[in-house]
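Analysis of the macromolecular model
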Protein chains: 2
Amino acid sequence: MEKIPSNIPYKTYLNEHDLPKAWYNIRVDMKKKGIDINPLLNPGTMQPVTLDELSHIFCTELAKQELDNTNQYIEIPGEVQDFYKMYRPSPVVRAYCLEKVLGTPAKIYYKFEGNNTSGSHKLNSAIAQAYYAKAQGITNITTETGAGQWGTALSMACGYFGLDLLVYMVRCSAQSKPMRKTLMETYGATVIESPSTTTKVGQAMLDASPDNYTGSLGTAISEAVEVAVTKPNTRYELGSVLNQVLLHQTIIGIESKLALDSIDEYPDEVIGCIGGGSNFGGLIAEYMHDKLDGKGNAHFIAVEPESCPSCTKGEFRYDFCDTGKVTPLAEMYTLGYDFMPAPTHAGGLRYHGMSPIISKLIKEGYVDDVRAVDQVSVFAAAEQFARCEGILPAPESAHAIKVAIDEALKCKESSETKTILFGLTGTGYFDLYAYDKFNKHTLTGSN
Amino acid sequence: MEKIPSNIPYKTYLNEHDLPKAWYNIRVDMKKKGIDINPLLNPGTMQPVTLDELSHIFCTELAKQELDNTNQYIEIPGEVQDFYKMYRPSPVVRAYCLEKVLGTPAKIYYKFEGNNTSGSHKLNSAIAQAYYAKAQGITNITTETGAGQWGTALSMACGYFGLDLLVYMVRCSAQSKPMRKTLMETYGATVIESPSTTTKVGQAMLDASPDNYTGSLGTAISEAVEVAVTKPNTRYELGSVLNQVLLHQTIIGIESKLALDSIDEYPDEVIGCIGGGSNFGGLIAEYMHDKLDGKGNAHFIAVEPESCPSCTKGEFRYDFCDTGKVTPLAEMYTLGYDFMPAPTHAGGLRYHGMSPIISKLIKEGYVDDVRAVDQVSVFAAAEQFARCEGILPAPESAHAIKVAIDEALKCKESSETKTILFGLTGTGYFDLYAYDKFNKHTLTGSN
């Protein structure tokens, strides 16, 4: 790619011919270090889940990726590379205006993944998952969505490949963002609020607990999986948590490193929000690769909401990935499969568990720091960012902004010229109900 | 800028150091051809409006730009250039997927201006207008907005420069897009639905005609101008129609031409939607420059809604720019200052008049073709585009998409490999109420 010769530009883009042609499978390097994740377990037998068992839930190629700890780079299929070119490369942006407003000597960069209609990084995995389903001859897909970014992304991907999509959308998010439903429908998807009466697990949850009425990602996953394993030619696809999703999201980090290399930058700190962990896992991928190889020492900070503090208050142990106990068991940080988070506005972070890969990297100290932040301070950071950088962030992404600002202000105190990179995963165009509450001072830490 | 050596990429970006440093003033070349526009008239004296008179409405530098027909290129202030770098360059996109779906031999390109939080090209002029106001020591700005893109853009710009902004938003748009109001408020603006009781002209309109209740751009302009000329240290800023706005929007066309030059392309057809005419004027600028100079012969097609057919059914004559008759008279295509368009969803195109520059270029045959299209066919084109190109277009922009598709299908009939460029001015994230009506088959030509 062309090197900008003079000073550092506001935005650094790769050229299309420099776009990554393979995803990076971090498990290979974790295994070399003796810290590979432990296998998913079948809750019935407590034995490792087999490829055959997983292939009832996911299409086969994705099930293979889920279990793969031997192929370091996995080629991105040509059709997926072509689709990526419609909205990628995404820019690495130098936050000159934010730096100026903060008066910090730190250099702040963000990788912006929101410039596509799904509004986030979710499309990176959605198009890959839809592609593999199509290639296998699957006709029907089910999924869950919280904030709606994953559901929108998969609607776009399924619309593109002509697949039928059923989305279970967490009720509290569906009700605060009715337009997300319309957007998914515009791409041809069917959207049902979760918990619903369309599944056994949803019905049981409604019967058992009226408190569950606002829903959660864990419940919506249960519903979508139940449909996938009971309907013909149907598979389930998930927007985070899984190894396969982190794999696809490494496109973020590979692009980021290539772009920052081109302007001779290496981050001292890499900051991302974590809900299921996929954007953070993708963002840090190549810098973590360096760290595992002993070639780099970036400081990694994961940020979660105080209202759903999986890693800061949860336990590291085997647990179900869903509330209805229909999925395999994963070893991860968890608040317990039946944890019901408050109906906060960062719907994408309302998940009881955490990616097993991210959990392991935290457990082993390769992710240096996890912080839980409060919703009101997150929206204050979001508004400050929007006013000077011109992008209205998603509430999820604003968790990373909050900590990036905190770190930049520490640099101001200490006069350090650190280089900070954070992940700006998406835009908040469908979160204005929450912004309106913030503007009117009625937003709290829990709703 | 770097030339992509191999084939044509999906997206062609300029490098930041190639970004235009001046806007192009087309009036200079129109004057050379003897087709400069006739002056704005003071309705009281029927004499040409003076700089002094205009300076009561607009800040002085903008008033000068409004009257300027001698400076061919006008330097973009450094602070505006810096702000542009936050969201520009915008890409020229090759619509490979749309071409494939249509089965057309035509090459379709679009200049995409929606990748910023205002959701459209409007920010190009908003930041310039806010800058000149700030530089003059103005503290308060008033404006109108229809669809909300201009209001959002000016909110962002005024937020950036610390100016107080009052927005009159056309009532039917405000009610179908409540989140637009919240977005503007997040950037610090105050939003009032128009017609309102806060101005004499608004109150008179409410008294005179209950039918006017849905509002129009013409009415909202009257209200905003009334406040600007009666409050201290306040000026009015407008998002289209004016010469100054077309001037600022030429950044679109200058960038487009540089990008297409770099891949050795020259469009046979350039297509844009027209409401006030600014995006179309900006997009065609450098290709029209060629045509006026006898150096190029692109075919220009302007597209307007059937529900507000200013150029296809209006008259070319002097008329008020607003409904309340508080503005100067402009020579333009007009349906009459008191024309009240149906409450269609392309709020940005619901204007009785047309840019005097565009009107003149149509009148003199330099714009080759103007077409009026129906709302339902526009949404059908929008949905087709969204599903294959991954971008949900604004209803306004979809007018251009509709005709670009029509033209590409004609090429299929005739086996012509024309090169088509159209302006994709913005995104439809706040237009999902209208998409929902389309999905449910309740959308009509008039609402």
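In the block above lies the structure referred to throughout.
All of the points below concern the structure found in this document. From a predicted model like this one, the values you see are computed outputs, not experimental measurements. (Residues numbered from 1 in each chain as written. Chains lettered and ligands numbered in written order. Predicted model: local features only at pLDDT ≥ 70, side-chain atom pairs only at ≥ 80, totals over all residues. Heavy atoms only, no water.)

1. So, the state of the cysteines
Residues and elements named next belong to chain B. In total, this model carries zero disulfides over all chains according to the counting rule given. Take Cys-273: it sits in no disulfide, and the sulfur closest to it among the cysteines is that of Cys-311, at 12 Å. For Cys-273, a relative accessible area of 2% corresponds to the buried category. On the accessibility criterion, Cys-311 (9% relative accessible area) is buried. (Disulfide = S-S within 2.5 Å. Buried < 20%, exposed > 50% of the residue type's maximum accessible area, 1.4 Å probe, protein only.)

2. Focus: unusual backbone geometry
What you tend to see is this: most non-glycine residues have negative phi, and most peptide bonds are trans. Residues and elements named next belong to chain A. Each neighbour pair has its own omega, and for Arg-88 with Pro-89 the value is -5 degrees, a cis peptide bond. When you line up the elements, Pro-89 lands in the loop between helix H4 (78-87) and strand S4 (92-94). Residue Pro-195 is reached from Ser-194 by a cis peptide bond, and omega for that bond is 5 degrees. Here Pro-195 lies in the loop between strand S8 (190-194) and helix H10 (200-208). (Helix = DSSP H or I, 4+ residues; strand = E, 2+ residues; numbered from the N terminus.)

3. Quick notes on the pattern of salt bridges
Applying the stated rule across the entire model yields 49 salt bridges over all chains. Here A:Asp82 makes a salt bridge to A:Lys85, at a shortest N to O gap of 3.7 Å. Here A:Asp82 pairs with A:Lys85, and both are found in helix H4, just three residues apart, close to one helical turn. Assessed through its relative accessible area of 31%, A:Asp82 is described here as partly exposed. Where B:Glu99 meets B:Arg94, a salt bridge forms, and the shortest distance between an N and an O atom there is 2.6 Å. Classification of B:Glu99 as buried rests on a relative accessible area of 8%. Taken together, the shared-partner salt bridges connect A:Arg88, A:Lys111, A:Glu113 and A:Glu255 into one network. (Salt bridge = Lys/Arg side-chain N within 4 Å of Asp/Glu carboxyl O.)

4. A short note on the sheet that holds strand S9 (residues 234-236) of chain B
All names here are of chain B. Ordered by their spatial adjacency, four strands build an open sheet running S8-S7-S6-S9, and the pairing between neighbours is parallel. Each edge of the open sheet carries a strand with a single partner, namely strand S8 (190-194) and S9. Ignoring strand direction, the axes of neighbouring strands in this sheet form an average angle of 20 degrees. Bridge analysis of strand S7 (residues 164-170) against S8 gives five bridges, and the strand direction is parallel. Within S8, the position partnered with Tyr-168 by the bridge is Ile-192. Lying on the sheet, helix H7 (residues 149-161) is in contact with strand S6 (140-145) and S7; it crosses S6 at an angle near 160 degrees. (Pairing = 2+ DSSP bridges. Axes fitted to C-alpha atoms, helices over the stretch in contact; angles between N-to-C directions. Contact = heavy atoms within 4.5 Å.)

5. As for the interface of chain A and chain B
Counting from both sides, the interface comprises 44 residues of chain A and, opposite them, 44 residues of chain B. Taken together, both faces of the contact between chain A and chain B bury some 4100 Å²; the carbon and sulfur share is 57%. Counting the contacts that link chain A with chain B gives zero salt bridges. Secondary structure elements with two or more residues in the side of chain A that touches chain B: H4, helix H7 (149-161), helix H9 (178-186), helix H16 (375-389) and helix H18 (432-439) of chain A. In terms of residue class, the side of chain A that touches chain B is built from 23 nonpolar, ten polar and eleven charged. (Buried area = accessible area lost by both parts, 1.4 Å probe. Nonpolar A, V, L, I, M, F, W, Y, C, P; charged D, E, K, R; others polar.)

6. A word on the relation of the copies chain A and chain B
The transformation that overlays chain A on chain B combines an axial shift of 0.0 Å with a rotation of 180 degrees, and the residual RMSD is 0.0 Å. Expressed as an axis order, the relation between the two copies is that of a two-fold axis. Considering only C-alpha atoms, the residue of chain A closest to the rotation axis is A:Asn115, which sits at 3.0 Å. The overlap is high: 100% of the interface residues of chain A also sit at the interface in chain B, so the same surface is used on both sides. (Least-squares fit on C-alpha atoms with pLDDT ≥ 70 in both.)

7. Considering the packing of aromatic side chains
Two numbers describe a pair of aromatic rings. These are the distance of the centres and the angle of the planes. Residues and elements named next belong to chain A. Taken as a whole, this structure holds 38 aromatic pairs over all chains when the rule is applied. Pairing Phe-83 with Tyr-87 gives two aromatic rings, centres 6.0 Å apart and planes at 70 degrees, and the pair type is edge-to-face. With a gap of four residues between them, Phe-83 and Tyr-87 both fall in helix H4, about one helical turn apart. Classification of Phe-83 by relative accessible area gives buried; the value is 2%. (Phe/Tyr/Trp six-rings, centres within 6.5 Å; stacked < 30°, edge-to-face > 60°.)

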